[in-house]
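A look at the structure
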Amino acid sequence: MDVLIHVFIALHIIGIGALLGGFLTQMKAMGAGTARFTPAMLHGALTMLVTGIALVGLNQADDHTLNNIKIGVKLAVLVVILGLVYVKRDEEKVDKGLFGAVGGLTMANIFIATLWV
């Protein structure tokens, strides 16, 4: 079971890398007001959602203690990110504030995952 959990953790990290990488590659465009949500950002957020749900199930099946409040907060932040990216995915330009909010929420989710004990 541990190997399967580690595989899903790796896939979860790949998802966050796609989401954050998509944001970081658009930083220059954000300054110019031409940033847009890339398909990598949507796919990364979806990957995080699916692998995160799988990780919760696998850890519960393996009788690990979970911090359900932390998981709930991370899920809520991810649902907001996913909703914003999904709704605005086809627009040629996204407002700077909205694009920055997605980047900020993504980084907040990373810090919640790593710093909340």
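1. Considering the overall build of the protein chain
When helices and strands are tallied, the protein chain shows five helices and zero strands. For the protein chain, the N- to C-terminal ordering of α and β elements is α-α-α-α-α. For the protein chain, the C-alpha radius of gyration of 15 Å lies close to 13 Å, the compact-globule estimate for 117 residues. Viewed in the frame of its principal axes, the protein chain has a C-alpha envelope of about 50 × 20 × 20 Å. By residue count, 32% of the 117 residues in the protein chain fall in the buried class. When contacts within the protein chain are restricted to residue pairs at least 6 apart in sequence, long-range pairs at least 24 apart make up 80% of them.

2. Brief notes about the packing of helix H1 (residues 2-25) against helix H5 (residues 96-115)
Axis separation between H1 and H5 bottoms out at 10 Å; the angle between their running directions is 145°. In the packing of H1 onto H5, the handedness of the crossing is left-handed. Residues Ile 16, Leu 19, Leu 20 and Phe 23 of H1 lie in contact with H5, whose contacting residues are Phe 99, Gly 100, Gly 103, Thr 106, Met 107 and Ile 110. Tallied by class, the residues present in the contact of H1 with H5 amount to seven nonpolar, three polar and no charged.

3. Points about the pattern of salt bridges
Pairing is possible between side chains that carry opposite charge, provided their charged atoms lie close to one another. Summed over the entire model, instances satisfying the criterion amount to one salt bridge. Residues Lys 88 and Glu 91 are paired through a salt bridge, measuring 3.4 Å at the closest nitrogen-oxygen approach. Here Lys 88 falls in the partly exposed class, since its relative accessible area comes to 26%.

4. Brief notes about the nonpolar core
Among soluble globular proteins, nonpolar side chains are generally buried collectively. Core analysis: the biggest nonpolar cluster contains 20 residues, and Phe 37, Met 41, Val 85 and Phe 99 have the highest contact counts within it. Those elements that place two or more of their residues in this core are H1, helix H2 (27-32), helix H3 (39-61), helix H4 (68-87) and H5. When residues of this core are assigned to their parent elements, the largest contribution, five residues, is made by H4.

5. A short note on a nonpolar patch on the surface
On the surface, Val 3, Val 7, Leu 11 and Ile 14 cluster together to form a nonpolar patch covering roughly 360 Å² of accessible area. Tracing the backbone shows Val 7 in helix H1.

6. Observations concerning the packing of aromatic side chains
Counted by the stated rule, this structure contains two aromatic pairs. Relative to Phe 99, the ring of Phe 23 lies with its centre 5.2 Å away and its plane at 25°, an arrangement referred to as stacked. Highlighted residues: Phe 23 in helix H1 and Phe 99 in helix H5, separated in sequence by 76 residues. The class for Phe 23 is buried, based on a relative accessible area of 5%. Residue class for Phe 99 comes out buried when judged on its relative accessible area of 0%. Residues Phe 37 and Phe 99 carry aromatic rings whose centres are separated by 5.3 Å and whose planes lie at 25° to one another, so their mutual orientation is stacked. Placement of the pair is Phe 37 in the loop between H2 and H3 and Phe 99 in helix H5, with a sequence separation of 62 residues. Taken together through their ring pairs, the aromatic side chains of Phe 23, Phe 37 and Phe 99 make up a single cluster. In this arrangement the basic side chain of Arg 89 is found over the ring face of Tyr 86, its NZ or CZ atom lying 4.0 Å from the centre.

Cut-offs used in this document
- Residues numbered from 1 in each chain as written.
- Predicted model: local features only at pLDDT ≥ 70, side-chain atom pairs only at ≥ 80, totals over all residues.
- Heavy atoms only, no water.
- Helix = DSSP H or I, 4+ residues; strand = E, 2+ residues; numbered from the N terminus.
- Rg over C-alpha atoms; globule rule 2.2 N^0.38 Å.
- Buried < 20%, exposed > 50% of the residue type's maximum accessible area, 1.4 Å probe, protein only.
- Contact = heavy atoms within 4.5 Å.
- Axes fitted to C-alpha atoms, helices over the stretch in contact; angles between N-to-C directions.
- Left-handed = near helix turned anticlockwise from the far one by under 90°.
- Nonpolar A, V, L, I, M, F, W, Y, C, P; charged D, E, K, R; others polar.
- Salt bridge = Lys/Arg side-chain N within 4 Å of Asp/Glu carboxyl O.
- Core = buried A, V, L, I, M, F, W, Y, C linked by side-chain atoms within 4.5 Å.
- Patch = residues over 30% accessible without salt bridge, like charges linked within 9 Å, V, L, I, M, F, W, Y side chains within 5 Å.
- Areas by Shrake-Rupley, 256 points an atom, 1.4 Å probe, with all protein chains shown as cover.
- Phe/Tyr/Trp six-rings, centres within 6.5 Å; stacked < 30°, edge-to-face > 60°.
- Lys NZ or Arg CZ within 6 Å of the ring centre and 35° of its normal.

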